[in-house]
2 protein chains.
Amino acid sequence: MKENKYDDARFFEKYSQMSRSRLGLRGAGEWPALERILPDFSGRAVLDLGCGYGWHCRYAADHGAASVIGVDLSRRMLERARELHPDPRITYRQAAMEDVDFPAGSLDIVFSSLAFHYVRDFPPLAERICRWLRPGGDLVFSVEHPTFTAYGSQDWWYGPGGEILHFPVDRYFTEGRREAVFLGEPVIKYHRTLTTYLETLLENGLLLRHVVEPQPPRELLDQPGMRDELRRPMMLLVRAQKPLKGA
Amino acid sequence: MKENKYDDARFFEKYSQMSRSRLGLRGAGEWPALERILPDFSGRAVLDLGCGYGWHCRYAADHGAASVIGVDLSRRMLERARELHPDPRITYRQAAMEDVDFPAGSLDIVFSSLAFHYVRDFPPLAERICRWLRPGGDLVFSVEHPTFTAYGSQDWWYGPGGEILHFPVDRYFTEGRREAVFLGEPVIKYHRTLTTYLETLLENGLLLRHVVEPQPPRELLDQPGMRDELRRPMMLLVRAQKPLKGA
């Protein structure tokens, strides 16, 4: 997330046209599946890493969170978040998620939507998040699916007539930097295996509560391109819980 | 597993030439990764579903298991297993894994190597396994990776010169029957998503202890074709534990 594409004016303008930017949570295909695995926010201290426009911060506040901290590297994103959701329970902080720190056991819920694949090293971040969580607290995040990030181009493989043939996978066990094109602009992401995501959480003592590959909601299947989303997994949703002491 | 390709003489002969058949565990590329996540077998009651030649039954017995039941649908496989490992602690039973039953709480470890992807319906099997396990007991299994089974052919995508381009993924969220070619013979397998494997275990109250995609051991990387195994995940190894009562 130290890369800050979102403060590039042209990229930001394109991003602001995406349905997840314009419509918020209901514009994000994975939201119904993500909402199903969320913990109860009432009275909780919540952190959102890579909060973007702040839609999830707003959701947490609207569902009773006691406090919400939204962290993002992009000044433009945070300006928009403050405009859209000027809620006194939400604090926005401009920082790379690799650089923020919180007291041990001070957070009930750490949330992150589609941001961890911008982070080069997942284990140190996971270790810090586990420290910040109180016992019984939850980490919930979405990332691009390892099957989706492995090859690098994040695009289909096409036949001679331009038709989709399938989705290509390669270099799966070669973790690290990938240069994809997103909204017509080059973007750097980091591929890592499912093993690295899940075993890192387990090594840090978290209990896996959910591991879900979201499918497009049935009611959206008739939208253009949506049936192709059944052909390969694009995202991975995880909920992991820090055990209660002595459990 | 109700399909019984392994009692077809020609197929069985080819299978018996594979390094995992001739050499046992050390002939299986995933074995080092699988061995690392195994629970302690000492004094345990062990079940092996789809035991094949019985190499894992033998391993469990050699590592102190009190009793081992090896289940396989193939008469030929079990004959070979009895010849290779005539251990009084091991009992072999010819049956489909969908058909066997055991008293609730009677097993400490349920193991299965590369067999669950022959089973059409995973949830009912998982439910029965969870019932058979005593609290604190473990289910450990390997399956073909969902990324590997999705497309169906289980083969690379080749360029015009016959060179490997990448591995194709398609129909990921369309679970069910796939017809692949294994050892030159058509074989029916069942594709299911990672979500189905893991969420089914979680819904049955198991704790996920390990989720690992094995990579070829470094010392084998110079064998023909082995570097290509770094290009896509072929297997998934899972260890899941039934919680102790009250935990």
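Parameters and conventions
- For every chain, the first residue of the written sequence is number 1, and numbering continues from 1 along that sequence.
- Key to labels: chains lettered from A, ligands numbered from 1, both in the order written.
- With pLDDT at 70 or above as the cut-off, local features in this predicted model cover only qualifying residues; side-chain atom pairs require 80 or more to be listed or tallied, and sums for whole chains, interfaces and linings still use all residues.
- Calculated side-chain values reflect all of the structure's heavy atoms, with hydrogen atoms and water omitted.
- Secondary structure elements are defined from DSSP: runs of H or I of at least 4 residues count as helices, runs of E of at least 2 residues count as strands, and each element is numbered from the N terminus.
- Radius of gyration: over C-alpha atoms. The globule rule applied is 2.2 Å multiplied by the number of residues raised to the 0.38 power.
- The rule is simple: take the accessible area with a 1.4 Å probe, protein chains only, and divide by the maximum for that residue type; under 20% is buried, over 50% is exposed, in between is partly exposed.
- All accessibility values rest on the Shrake-Rupley procedure with a 1.4 Å probe; residue burial counts only the protein chains present in the view.
- The charge count includes Lys and Arg as positive and Asp and Glu as negative, but it does not include His or the ends of the chains.
- Note that the charge is assigned to NZ on lysines, CZ on arginines, CG on aspartates and CD on glutamates.
- Pairing between two strands requires that DSSP report at least two bridges joining them.
- Here a crossover is taken to be right-handed if, once the strands point away from the viewer, the path from the first strand over the helix to the second is traced clockwise.
- Confidence of the prediction at every residue is given by pLDDT, a number between 0 and 100.
- Put simply, a nonpolar core is a bunch of buried Ala, Val, Leu, Ile, Met, Phe, Trp, Tyr and Cys residues held in one set by side-chain atoms that sit within 4.5 Å of each other.
- Contacts are assigned to residue pairs with any non-hydrogen atoms lying within 4.5 Å of each other.

### Details of the overall build of chain A
A tally of regular secondary structure across chain A gives eight helices and eleven strands. The globule rule puts the C-alpha radius of gyration for 247 residues at 18 Å, and the 18 Å found for chain A is close to it. In terms of overall dimensions, chain A has a C-alpha envelope of 60 × 40 × 35 Å along the principal axes. Residue burial in chain A is summarised as follows: out of 247 residues, 58% are buried. Accessible surface for chain A amounts to roughly 10,400 Å². Of this, 49% is attributable to carbon and sulfur atoms. Separation between the mean location of the 33 positive side-chain charges and that of the 34 negative ones in chain A comes to 2 Å.

### Thoughts on the pairing of strand 5 (residues 133-144) of chain B
All names here are of chain B. With respect to burial, strand 5 is a largely interior element, ten of its twelve residues being buried. Summarising the sheet, strand 4 (residues 107-113) and strand 5 pair through six bridges and their orientation is parallel. Across the sheet, serine 112 pairs through a bridge with phenylalanine 141, a residue of strand 5. Crossover handedness for the path strand 4 to helix 6 (residues 122-132) to strand 5: right-handed. Of the pairings in the sheet, the one linking strand 5 to strand 11 (residues 235-241) comprises seven bridges and is antiparallel in character. Across the sheet, phenylalanine 141 pairs through a bridge with valine 238, a residue of strand 11.

### Focus on the confidence of the model for chain A
In low-pLDDT segments, the atomic positions of the prediction should not be examined closely. Here chain A shows a mean pLDDT of 94. Residues at 70 or above account for 98%. Confidence metrics for the complex model read pTM 0.95 and ipTM 0.95.

### So, the nonpolar core
Of all hydrophobic cores here, the largest spans 78 residues; its most connected members are Leu49, Phe116 and Leu201 of chain A together with Leu49, Phe116 and Leu201 of chain B. Setting aside residues no more than four positions away along its own chain, leucine 49 of chain B makes contact with Val71, Met97, Val100, Val110, Phe111, Ser112, Ser113, Ala115, Phe116, Ile129 and Trp132 of chain B.

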